[in-house]
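Here is how the chains run, residue by residue.
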Amino acid sequence: MNTYLINTLYSLANKLPLDFPWKETLKEAGLDLRTVETERVILSPKDTTDRICFLVEGQVEVRNFSLEGKRNISAYLKGPQFLGLVEYLTQRRQHLSEVKTLSPAVLIYLHRDQMEKLLAHKTFHRYFLDYLAELTVNTLSKHSVERAMDPKSLLLNYLYQYAKHSSFPVEIQENKQNISDLLNIQIRTLYRYLRDFEDQGYLLRKKQSIYLTEENFKLIQNALKVD
């Protein structure tokens, strides 16, 4: 499985059932949740891959590493999400990414025997199969969409993906250089695109910060032709 596919799997925004009784299900399985503060690394390449980090609540930043050791942001995710799932299922020796919390988070680390316990729970088993199925469909869809996008549309799509599960107004907290690296857009070109987006009403800028209001977000939705 190549690195692009790994990154794509991590960066999906899956339509997860927000009303699923996660805490009750985990409690029934005899598992304990833990709360983690902001700016904490919850998964890294140094960790063993014999467990999955299941993010129940909270927002995280996923970073991957090139062969030269360069670190790039590959996704922003909100719970519920399975982190480290690909490495776990493919039995890799180390994780390909580092995951850091951007907000207080509720999570649990699931070892193989604990996953088997959960999968014995009919509701969780059905959910997990649905999760994997949608993961596969979205991977193919996302790959096709991104290949068809020009750099400016990729940046607009990045803003959309960043904001779509957030409360407004949303501040884009990632620095410009990281966005430039993530989207493979030259930094000077990135600043030009941001100025254009401000003129078109897609975002607001205050000094060095970028914000999206609900009105900005709707304009982006219309431009990208997404619901």
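Residues numbered from 1 in each chain as written. Predicted model: local features only at pLDDT ≥ 70, side-chain atom pairs only at ≥ 80, totals over all residues. Heavy atoms only, no water.

### Things to note about the overall build of the protein chain
Next up, step 1: Check the secondary structure of the protein chain and you find nine helices and eleven strands.
Next up, step 2: Buried residues in the protein chain amount to 47% of all 227 residues.
Next up, step 3: Within the protein chain, contacts between residues at least 6 apart in sequence are counted, and of these 74% link residues at least 24 apart.
Next up, step 4: Of the roughly 12,900 Å² of accessible surface on the protein chain, 48% is carried by carbon and sulfur atoms. (Helix = DSSP H or I, 4+ residues; strand = E, 2+ residues; numbered from the N terminus. Buried < 20%, exposed > 50% of the residue type's maximum accessible area, 1.4 Å probe, protein only. Contact = heavy atoms within 4.5 Å. Areas by Shrake-Rupley, 256 points an atom, 1.4 Å probe, with all protein chains shown as cover.)

### Considering the pairing of strand E3 (residues 51-57)
Next up, step 1: Along E3, six of the seven residues are buried, which leaves the element largely enclosed by surrounding structure.
Next up, step 2: Sheet topology places E3 next to strand E8 (residues 105-111); six bridges connect them, and they run antiparallel. Within the sheet, the bridge partner assigned to Cys-53 lies in E8 and is Tyr-109. (Pairing = 2+ DSSP bridges.)

### With respect to the sheet that holds strand E10 (residues 204-206)
The pairing of strands in a sheet comes from backbone hydrogen bonds and takes either a parallel or an antiparallel form.
Next up, step 1: Ordered by their spatial adjacency, three strands build an open sheet running E9-E11-E10, and the pairing between neighbours is antiparallel. One side of each edge strand has no neighbouring strand; the edge strands of this open sheet are strand E9 (170-172) and E10. Each neighbouring strand pair of the sheet contributes to a mean axis angle of 35 degrees, computed without reference to strand direction.
Next up, step 2: Examined bridge by bridge, E10 and strand E11 (residues 209-212) share three bridges and lie antiparallel to one another. Across the sheet, Arg-205 pairs through a bridge with Ile-210, a residue of E11.
Next up, step 3: Seen against the sheet, helix H6 (residues 151-163) touches E9 and E11 and runs at an angle of roughly 130 degrees to E9. (Axes fitted to C-alpha atoms, helices over the stretch in contact; angles between N-to-C directions.)

### Remarks on the environment of Phe-82
Next up, step 1: Along the chain, Phe-82 turns up in strand E6 (residues 81-83).
Next up, step 2: Measuring from C-alpha to C-alpha, the distance between Phe-82 and Phe-128 comes to 9.8 Å, with 46 residues separating the pair along the chain.
Next up, step 3: Excluding residues that lie within four positions of it along the chain, Phe-82 makes contacts with Ile-52, Cys-53, Phe-54, Phe-124, Tyr-127, Phe-128 and Tyr-131.

### Re the environment of Glu-28
Next up, step 1: In this fold, Glu-28 is placed in helix H2 (residues 22-28).
Next up, step 2: On the accessibility criterion, Glu-28 (61% relative accessible area) is exposed.
Next up, step 3: Taking C-alpha positions, Glu-28 is 9.0 Å from His-121, a pair spaced 93 residues apart along the chain.

### Let's talk about H6
Next up, step 1: Counted at 1.5 Å a residue, the expected span for H6 with its 13 residues is 18 Å, and the 19 Å between its end C-alpha atoms agrees.
Next up, step 2: Burial in H6 covers these residues: Leu-154, Leu-155, Leu-156, Asn-157, Tyr-158, Leu-159, Tyr-160, Tyr-162 and Ala-163.
Next up, step 3: A side-chain oxygen of the first residue of H6 lies 3.1 Å from the backbone nitrogen of Lys-152; this N-cap is Asp-150. (Expected span 1.5 Å × (residues − 1). Polar contact = N/O pair within 3.5 Å; in protein donor to acceptor, adjacent residues only side chain to side chain.)

### A short note on the pattern of salt bridges
Next up, step 1: Tallied over the entire structure, the rule returns five salt bridges.
Next up, step 2: Asp-196 is paired through a salt bridge with Lys-152; the nearest N and O atoms lie 2.9 Å apart. Taken together, the positions of Asp-196 in helix H8 (residues 187-199) and Lys-152 in helix H6 put the pair 44 residues apart, joining distant regions of the chain.
Next up, step 3: Taking relative accessible area as the criterion, Asp-196 reaches 25% and is therefore assigned partly exposed.
Next up, step 4: Across the salt bridge formed by Arg-205 and Glu-198, the nearest N and O atoms sit 3.2 Å from each other.
Next up, step 5: Judged by relative accessible area, which is 31%, Glu-198 ranks as partly exposed. (Salt bridge = Lys/Arg side-chain N within 4 Å of Asp/Glu carboxyl O.)

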